[in-house]
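Structural overview for review
Here are the chains, one letter per residue:
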Amino acid sequence: SSGINAEYGYQKTVANTKTSIYAIAIVLGAVGFLSLMWSIVSEAFSSVSPSNVFKMALKKIKNDARATAILGDTIKGFGDTHSRTRKRLEHQVYEVAGTDYLRVNFHVEGNKRHGVVLVDLKNTKKGWKTRYIIVKLEGFPPGKITIEDNRHETDCEDLPEVDYSDIAFEEDQEK
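So, here is what we can say about the structure in this document. Nothing here was measured: the structure is a model prediction, and the numbers come from that model.

What counts, and at which threshold
- Residues numbered from 1 in each chain as written.
- Predicted model: local features only at pLDDT ≥ 70, side-chain atom pairs only at ≥ 80, totals over all residues.
- Heavy atoms only, no water.
- Salt bridge = Lys/Arg side-chain N within 4 Å of Asp/Glu carboxyl O.
- Helix = DSSP H or I, 4+ residues; strand = E, 2+ residues; numbered from the N terminus.
- Buried < 20%, exposed > 50% of the residue type's maximum accessible area, 1.4 Å probe, protein only.
- Core = buried A, V, L, I, M, F, W, Y, C linked by side-chain atoms within 4.5 Å.
- Contact = heavy atoms within 4.5 Å.
- Phe/Tyr/Trp six-rings, centres within 6.5 Å; stacked < 30°, edge-to-face > 60°.

What follows deals with the pattern of salt bridges. Considering all chains together, one arrives at six salt bridges under this definition. Taking the shortest distance from any N to any O, the salt bridge between Glu109 and Lys76 comes out at 3.6 Å. Residue Glu109 is located in strand 3 (residues 99–109), and its partner Lys76 is located in strand 1 (residues 76–78); the two are separated by 33 residues in the primary sequence. Overall, Glu109 belongs to the partly exposed group, its relative accessible area being 28%. A salt bridge links Arg151 to Asp149; the shortest N-O distance between them is 2.9 Å. For Asp149, a relative accessible area of 30% puts it in the partly exposed group. Members of the salt-bridge network, linked through shared partners, are Arg103, Asp120 and Arg131.

Core analysis: the largest hydrophobic core is formed by 22 residues, its most contacted members being Ile61, Phe106, Val108, Val117, Val119 and Val135. Those elements giving two or more residues to this core turn out to be helix 2 (50–62), helix 3 (65–71), strand 3, strand 4 (114–124), strand 5 (127–137) and strand 6 (143–149). Beyond its immediate stretch of four places on either side in the chain, Val108 contacts Leu58, Ile61, Leu71, Ile75, Lys76, Gly77, His114, Gly115, Val117 and Val135.

This model, assessed by the stated rule, comprises two aromatic pairs. The interplanar angle of 75 degrees and the centroid separation of 4.7 Å between the aromatic rings of Phe54 and Phe106 together place this pair among those described as edge-to-face. You can see Phe54 sitting in helix 2 and its partner Phe106 sitting in strand 3, a full 52 residues away along the chain. Residue classification places Phe54 among the buried residues on the basis of a relative accessible area of 16%. Overall, the relative accessible area of 1% leaves Phe106 in the buried class. Residues Tyr94 and Tyr101 carry aromatic rings whose centres are separated by 5.0 Å and whose planes lie at 10 degrees to one another, so their mutual orientation is stacked. Tyr94 gets classed as buried once you look at its relative accessible area, which sits at 17%. Owing to a relative accessible area of 9%, Tyr101 belongs among the buried residues under this scheme.

What follows is the structure, encoded as structure tokens:
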């Protein structure tokens, strides 16, 4: 009778162990799936995703009088010219001195000319800000159209403020 109870206890332990292992596997799978979904959703709805930067920059280019005069009235934008669908955007996230940046490059084409657009954003204390949007014209004559250039503002925001009140300048010493 005690042998039957011992074997029943052993079988119960094996069954509980299997159940625990299955539960752990299900929990780990759910965590993996949720983290994957989070990254996809955050990329899709983030204001700084490469596709959203592309849309913002293309809209500004289409609304710029110089760009429409040089490129033409019908401006379209697209990603990598070597991919089949031309939807793949070349982008790079990089960090300088602890600050995050995002660079996105894509192509534009009008009925007169075409070029490559360079867009750079900086993650400041107040959120992501556009550093510049520049269209590098391809073909002859070479040139560029600066749609927006905020580097003087965005790059100076993080500099420490310097007090120059105790510095004597040459004009002050002559008096």
